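Each chain, letter by letter, is given below.
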Amino acid sequence: DSEIEQEDGLTYLSYSADVILPESDTNHVGNTPTRFYFNNRIDTDEKSKEISLSDGKVTVKRDIDTPVGFLSIFKTEGILAQFRYCGDFVSKPTST
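Below: a short report on this structure. (Residues numbered from 1 in each chain as written. Predicted model: local features only at pLDDT ≥ 70, side-chain atom pairs only at ≥ 80, totals over all residues. Heavy atoms only, no water.)

Okay, the pairing of strand S4 (residues 51-63) next. Pairing analysis gives 8 bridges linking strand S3 (residues 34-44) to S4, with the strands arranged antiparallel. What sits directly across from Asp43, in S4, is Ser52. Hairpin connection between S3 and S4: a loop of 6 residues separates the two successive antiparallel strands, and Lys49 in this loop has a positive phi of roughly 65°. (Pairing = 2+ DSSP bridges. Helix = DSSP H or I, 4+ residues; strand = E, 2+ residues; numbered from the N terminus.)

Turning next to the nonpolar core. Of all hydrophobic cores here, the largest spans 6 residues; its members are Leu21, Phe36, Phe38, Val58, Val60 and Phe89. Taken together, the elements giving at least two residues each to this core come down to S3 and S4. Dropping the residues within four chain positions of it, Leu21 is found in contact with Asn27, His28, Thr34 and Phe36. (Core = buried A, V, L, I, M, F, W, Y, C linked by side-chain atoms within 4.5 Å. Buried < 20%, exposed > 50% of the residue type's maximum accessible area, 1.4 Å probe, protein only. Contact = heavy atoms within 4.5 Å.)

Moving on, we come to the environment of Glu5. With respect to the helices and strands, the residue Glu5 is situated in the loop between strand S1 (2-4) and strand S2 (11-19). Under the relative-accessibility criterion, Glu5 is labelled partly exposed at 31%. On a C-alpha basis, the gap between Glu5 and Asn39 in space is 10.0 Å, while along the polypeptide they are 34 residues apart. Residue contacts for Glu5: discarding those within four places in its chain leaves Leu10 and Tyr12.

So far we have only geometry, and geometry alone does not tell us how the molecule works.
Below, the structure written as structure tokens:
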């Protein structure tokens, strides 16, 4: 899915990948895959109208722990979540 980001007015391709992290990773949760979300900047050549993918950001969605109290009688797991920044990446075309 592509979107125009309000912050910078640039177009980004949004996609996700499910990854099983190695046991050495602090976020390892057994054989359960972790879904990473990518926002990859799309550059369009004005003349040829060719598109290429440039840099982007990687995030992961994590559940938010609810505070103990009245709301703790309800199961909120999976309802309250936030995207946490993981890092940046650069996309380069492969030589053909």
